Each structure stands twice: as structure tokens, then as C-alpha cells.
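Structural overview for review
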Amino acid sequence: MELQLALDLVNIPEAKEVVKEVEEHIDIVEIGTPIIKIEGLKAVTELKEAFPNLQVLADLKTMDAAAYEVQKASEAKADIVTILGVAEDESIKGAVEEAKKQGTKVLVDLIAVKDIETRAKELDEFGVDYICVHTGYDMQAVGKNSFEDLQTIKGVVKNAKTAVAGGIKLDTLPEVIKAQPDLVIVGGGIAGQDDKKGVAAKMQQMIQEG
Ligand SMILES: O=C([C@H](O)CO)[C@H](O)[C@H](O)COP(=O)(O)O
């Protein structure tokens, strides 16, 4: 099980400061969708150059022109690129094919997918690398989480790694770990805390103890 830190509500210098603090306790750093929209793919390049030992995920949440966006994010030094599960099958297949060419990986975000079980099965057959259940900020605000959806995809996904994101904090991490995803994605649960290093270290320890 790996730990990914999601950085959303910061600029590039602030992102570097946060990662510097927690670097040794995380496996992947996510350059969140808002950062990429505001700062561009140079945020991915700068973070990879500053932290070459970490994998960097570009959270593009691609919906169309998938092969092109995967190509550009890979050229910007992303190790993993995200695409939306609600995108057309052709877009998902294009992303997978391009990622293979580039030597990068594709994570499919199931945000807003209604039939999680059916879509996860299909995506798994398309050869994506990760399938992620995700409760975004706007649904977290009305009290939703993805813990049940994680159990659902764990039951049907045979090849891809499974991932979970959306409002995970220290107190909810044990419930997530119980479902044994391959990747746990935490944003505000680390980046929004006063003692970021302490929380990341504790989360890493809990994940390693599995
Ligand atoms: O993908 C995300 C969200 O849609 C905003 O871009 C977040 O990175 C993801 O939800 C993880 O962050 P937290 O919910 O704060 O843990």
C-alpha cells in the first residue's frame, strides 16, 4: 500500500515547502487539478526536478484529447496521469496506449461515475494502471465518502491497482486500510494540518502496518 500526498490549494513555492516537510513519508506527490489549471504543467516539471525520488502524478482529470494530454504531461515529467472514468472508452484506450509509449501510467478517477461496479470492470479490461474511487470536495461538503465504493471495486478489479481519495484524515484512515487499497490519496488530511510531518509519518506507519 502506498501513500500519495495531493496538493491542491497551493502555488508552486508553497507546494515545494509542503513536500520538503513530508518527503520521507510519502511515495507519490500529486500536482492537483487546481494547481495545474492555474500554474500549468510547469508545476509538474518543477516538483519532479525538486524531488526526483518521488513519483509525480499530474491530476489532469482528462475528459477528451486524452492521448495528447497524456503525451504533454509525460513530457513535463509526470510519472502518472489521471483521466476521468466518465470519459469515452476511446479516450481511456487512447490514454493507455500513449502512456505505454511514454513509459508512464494512467490513473482513472471514478468521480461522478454512477455505476461504479460496471465501469470499474470495463476500465480494468482496458488495461489502465490504477482505478480510483473519489469523493470530490463538493460531495465531501454534503457528507459523502468513498469507503463503500472502495469495497465495491475491490470485489471486481482483477488487474489494475485500486486507489481511494476524498477527505481521508488520520481518524478515518483505519477504515480505508481495512479495505486494503493499493494506493491511499490524502490532501487536506496532511497539507491542511499544522504538524504535516507528524501526520504524514503516522499515516505512513499505519499504512506500512497495514
Ligand atoms: O482531486 C482532488 C479534488 O478533486 C480537488 O482537485 C483532491 O486532490 C482529492 O480529493 C484529495 O484531496 P482531499 O480530499 O483534501 O484529501
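Relevant structure appears above.
Residues numbered from 1 in each chain as written. Predicted model: local features only at pLDDT ≥ 70, side-chain atom pairs only at ≥ 80, totals over all residues. Heavy atoms only, no water.

1. Structural notes on the site of the ligand
Of all residues adjacent to the ligand, which total 15 residues, the nearest are Asp-8, His-134, Gln-140, Gly-167 and Gly-187. Take Glu-30: an N or O atom from its side chain is 3.0 Å from an oxygen atom of the ligand. For the ligand, an oxygen atom lies 2.8 Å from a polar atom in the side chain of Gln-140. In the complex, 92% of the free accessible area of the ligand, which totals 400 Å², lies under the protein chains. Going through the elements one at a time, helix 2 (33-39), strand 3 (55-62) and helix 7 (137-140) are the ones with two or more residues in the shell around the ligand. Per-class residue counts for the shell around the ligand are four nonpolar, seven polar and four charged. (Near = heavy atom within 4 Å. Polar contact = N/O pair within 3.5 Å; in protein donor to acceptor, adjacent residues only side chain to side chain. Areas by Shrake-Rupley, 256 points an atom, 1.4 Å probe, with all protein chains shown as cover. Helix = DSSP H or I, 4+ residues; strand = E, 2+ residues; numbered from the N terminus. Nonpolar A, V, L, I, M, F, W, Y, C, P; charged D, E, K, R; others polar.)

2. Thoughts on the packing of helix 1 (residues 12-22) against helix 11 (residues 196-209)
Packing of helix 1 against helix 11 leaves a shortest axis separation of 8 Å and a crossing angle of 50 degrees. As summarised for this structure, helix 1 and helix 11 are arranged oblique, according to the angle between their axes. Along this stretch, helix 1 crosses helix 11, giving a crossing that reads as right-handed. Mapping the contact onto sequence places Val-18, Glu-21 and Val-22 in helix 1 and Lys-196, Lys-197 and Ala-200 in helix 11. Classifying every residue of the contact of helix 1 with helix 11 by side-chain character gives three nonpolar, no polar and three charged. (Axes fitted to C-alpha atoms, helices over the stretch in contact; angles between N-to-C directions. Parallel < 35°, antiparallel > 145°, perpendicular 65-115°, else oblique. Left-handed = near helix turned anticlockwise from the far one by under 90°. Contact = heavy atoms within 4.5 Å.)

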